[in-house]
Amino acid sequence: MADVGVGKEMYSELRRDLAPQLPAFLLKQRWFGGKARRIKSADVTDVVPIRMPGSEAFVLMIKVTYEDNAEESYAMPLLRAVGSAVTPELEASGLKQEPDEAGAVVLIDALKNEEFLRSLLSLIQEKASVPGEKGELRAFQTTAYPRLSPSTVNDLRPKPVGAEQSNSSIIYGHHLILKFFRRIQEGINPDLEIGKFLTEKTSFANVPPLAGSLEYFTRDGKQMVQGILQQFVPNEGDAWSFTLESLAPFYDSAAKHLSDGPEPTGDQHQRGESILEFARASIDPYLAATEILARRTAEMHLALASEARDPSFAPEPFTMEFQRTLEQSIRELMARVFAVLRDKMSTLPEEWRRKAADLAGKEQTIASRFQAALDRPIHATRTRIHGDYHLGQVLRTGSDFMIIDFEGEPARPIAERRVKRSPLQDVAGMLRSFHYAAFAPLLGENKMQAEDARKMSKWADVWNALVADRFLAKYFETASAATFLPQSREETQVILDLHLLEKAIYELGYELNNRPTWVGIPLQGISKLLSE
């Protein structure tokens, strides 16, 4: 497909026709991440044609400029519909060009077209390079491609996965899955980099092996990852859904126990033993699964720390310079979140306003806690980590788990996501996810009545503590000899607590901006961490 090209005339026409339409069009797309910002302009920076039988298709590279002059790049795969193929629905949802002799011309989402999806996979099969006007789309295979892909990919029927999100995924038969990035950024996407490393340089088997990639290169050598191709792993859904399903019988036991007798009393340990006695049948299977997840998490971290000769993955010691940078990053996060907290205080659910006001008055106390943790040397190494680790990033596969999505937090720049950190940051992310799962039925969108939630919260606390303790015990047992763990239990706890608090503050900012009805979960989490 290297002979496919785009003419300057086509490039100029698309730039002229689409630029006025793009801002309004982008705001309607579920995958567009800038809906909360004011768009100044959106321009076509390149057009990469994709060969298809009987149709014209392109991947458009779009640069979006916001009112604050910040810029983002997006990839838009489009198919040209002409004349009788243009239905009123397509005309309403697509991008319009000047009509030609065949009639109206509309550009529509190509990721809904089977032939286009086949063409993307064929690019990787052929290791093709497709020139655009300003750059080039190149396809690569990993060393695992021959064993992961059938001899011909033409027979693999493509099927888009689920609802449109920030990225788009396509399953090919039951063999491969392509993640197509809608927002593309300059640099090496960690999802590609880590996936390739784990596939080619380690024996860790609990990630989907990487088969290949699509990457866009500008004429001046800038690299942007457009898509990654992995082995498709049959699964029963993510670990978040699995956890909520496991919690249902636990809360059924709680409701029965509360209706049969008084609430458990005594100290936390006695309450925990009382609750566990009534709910053992429902919680023991999940605790066994938690041990497996903890072991896989530790094995992932050991694999990521296993190559001392690769500068991108070799473990590095903590330094005071890195710790000062981390503290500054946390201070900036706190400043943003606490400003939003004060601004939105009056709009929060009434039952959380007092706790929110109390927290707002503790900003300096919390900042001092971070400073105290990072002012002293940390005797451990930093490694590459998952970076956005929670129950939604793990697939349940029968009696085991598969870890996915090593992209990191998409809101952060790629360079920041590639920085080596303590693996305990991932551990903290999973512990916070357990807390979310425990309290989601009580404090989330479909929450219980206040009195029922108060009674049930003791059960949630016990479930969360039991699961967290079991996860930590197996994690530390598996990773006990790793240099990324401090030698002392006290220092380990300091780093873990630091990342737990940082994550809970990040969650608070997210809920304030996106799901105010869930704000009670991070507020409660922060309160508990401060009290400890």
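Everything numeric here is computed off the predicted structure, so don't read it as measured data. (Residues numbered from 1 in each chain as written. Predicted model: local features only at pLDDT ≥ 70, side-chain atom pairs only at ≥ 80, totals over all residues. Heavy atoms only, no water.)

A. The pattern of salt bridges, seen in detail. Using the criterion set out here, one finds 30 salt bridges in the structure. For the salt bridge of glutamate 193 with arginine 384, the shortest nitrogen-to-oxygen distance reads 2.9 Å. Taken together, the residues glutamate 193 in helix α6 (residues 190-201) and arginine 384 in the loop between β15 (381-382) and β16 (394-397) connect sequence positions 191 residues apart. Grouping residues by exposure puts glutamate 193 and arginine 384 together as buried. Two residues, arginine 331 and glutamate 327, come together in a salt bridge whose shortest N-O distance is 3.3 Å. Placement of both arginine 331 and glutamate 327 in helix α9 (residues 320-343) is noted, with a separation of 4 residues, approximately one turn of the helix. Exposure remark for arginine 331: the relative accessible area of 32% places this residue in the partly exposed category. For glutamate 327, a relative accessible area of 11% corresponds to the buried category. Among the ionic contacts, a cluster of salt bridges with common partners joins Arg37, Asp68, Glu72 and Arg183. (Salt bridge = Lys/Arg side-chain N within 4 Å of Asp/Glu carboxyl O. Helix = DSSP H or I, 4+ residues; strand = E, 2+ residues; numbered from the N terminus. Buried < 20%, exposed > 50% of the residue type's maximum accessible area, 1.4 Å probe, protein only.)

B. Up close: the pairing of strand β9 (residues 167-172). With 5 of 6 residues buried, β9 is to be regarded as a mostly interior element. Sheet topology note: the strand β8 (residues 158-160)/β9 ladder contains 3 bridges and is antiparallel. Bridging across to β9, proline 158 finds its partner in tyrosine 172. The pairing of β9 with strand β10 (residues 176-181) spans 6 bridges and is classified as antiparallel. Residue tyrosine 172 lies in a different strand from β10, and its bridge partner there is leucine 176. Between the end of β9 and the start of β10, which pair antiparallel, lie 3 residues, with glycine 173 showing a positive phi angle near 60 degrees. (Pairing = 2+ DSSP bridges.)

C. Seen up close, the pairing of strand β5 (residues 103-109). Two elements, strand β3 (residues 71-82) and β5, share 5 bridges in a ladder whose sense is antiparallel. Bridge pairing in β5 places alanine 81 opposite valine 106. As judged from the 4 bridges shared by strand β4 (residues 95-100) and β5, these two strands associate in the antiparallel manner. Note that in β5 the partner of glutamine 97 across the bridge is valine 105.

D. Focus on the nonpolar core. Among the nonpolar cores identified, the biggest contains 94 residues, and Leu341 and Phe434 are the most heavily contacted of them. In terms of residues, this core owes the most to one element, helix α13 (residues 424-443), which gives 13 residues. With near-sequence residues (within four places) excluded, phenylalanine 434 lies in contact with Tyr286, Thr290, Leu293, Leu391, Trp463, Asn464, Val467 and Phe471. Grouped together as the second largest cluster of nonpolar side chains are 45 residues, Ala57, Val59, Tyr145 and Leu214 included. (Core = buried A, V, L, I, M, F, W, Y, C linked by side-chain atoms within 4.5 Å. Contact = heavy atoms within 4.5 Å.)

E. Local environment of the sheet that holds strand β6 (residues 129-131). An order of β6-β7-β12-β13-β10-β9-β8 is seen for the 7 strands of this open sheet, with the pairing classed as antiparallel. Strands with a single pairing partner mark the edges of an open sheet, and in this sheet they are β6 and β8. Here the strands of the sheet are splayed against their neighbours by 20 degrees on average, with no regard to which way each runs. (Axes fitted to C-alpha atoms, helices over the stretch in contact; angles between N-to-C directions.)

F. Just the packing of aromatic side chains, in detail. As enumerated under the stated definition, the model contains 14 aromatic pairs in all. Ring centres 5.4 Å apart and planes at 35 degrees place the aromatic pair tyrosine 286 and tryptophan 463 in the tilted group. Placement of tyrosine 286 in helix α8 (residues 268-304) and of tryptophan 463 in helix α14 (residues 450-478) is noted, with a sequence separation of 177 residues between them. Comparing tyrosine 286 with tryptophan 463 shows no difference in burial state: the two are buried. Aromatic side chains phenylalanine 434 and phenylalanine 471 sit 5.5 Å apart centroid to centroid with 70 degrees between the ring planes, which places their arrangement in the edge-to-face category. Here phenylalanine 471 lies in helix α14 and phenylalanine 434 lies in helix α13, a separation of 37 residues in the sequence. (Phe/Tyr/Trp six-rings, centres within 6.5 Å; stacked < 30°, edge-to-face > 60°.)

G. Local environment of the environment of alanine 468. Relative to the helices and strands, alanine 468 resides in helix α14. Judged by relative accessible area, which is 14%, alanine 468 ranks as buried. Separated by 243 residues in the primary sequence, alanine 468 and valine 225 have C-alpha atoms spaced 36 Å apart.

H. Quick look at unusual backbone geometry. The backbone of asparagine 69 sits at a positive phi, close to 75 degrees, despite the residue not being glycine. In this model, aspartate 405 sits at a positive phi of 60 degrees, which is unusual for a non-glycine residue. Within the secondary structure, aspartate 405 is located in the loop between β17 (400-403) and α12 (414-417).

I. The packing of α9 against helix α10 (residues 350-360), seen in detail. Here α9 crosses α10 at 140 degrees, and the two axes come no closer than 10 Å. Judged by the inter-axis angle, α9 sits oblique to α10. As α9 packs across α10, the resulting crossing turns out to be left-handed. When α9 is examined against α10, the residues Phe338, Leu341 and Arg342 are found in contact with a partner set consisting of Ala356, Leu359 and Ala360. A breakdown of the residues in the contact of α9 with α10 according to their chemical character gives 5 nonpolar, no polar and 1 charged. (Parallel < 35°, antiparallel > 145°, perpendicular 65-115°, else oblique. Left-handed = near helix turned anticlockwise from the far one by under 90°. Nonpolar A, V, L, I, M, F, W, Y, C, P; charged D, E, K, R; others polar.)

J. A look at the side chain of arginine 421. Residue placement: arginine 421 occurs in the loop between α12 and α13. Among buried Asp, Glu, Lys and Arg side chains, arginine 421 stands out as unpaired, with glutamate 416 the closest opposite charge at 4.3 Å. Among the polar contacts made by the side chain of arginine 421, one reaches the main-chain carbonyl oxygen of glutamate 416 at a distance of 3.1 Å. (Lys, Arg positive; Asp, Glu negative; His and termini not counted. Polar contact = N/O pair within 3.5 Å; in protein donor to acceptor, adjacent residues only side chain to side chain.)

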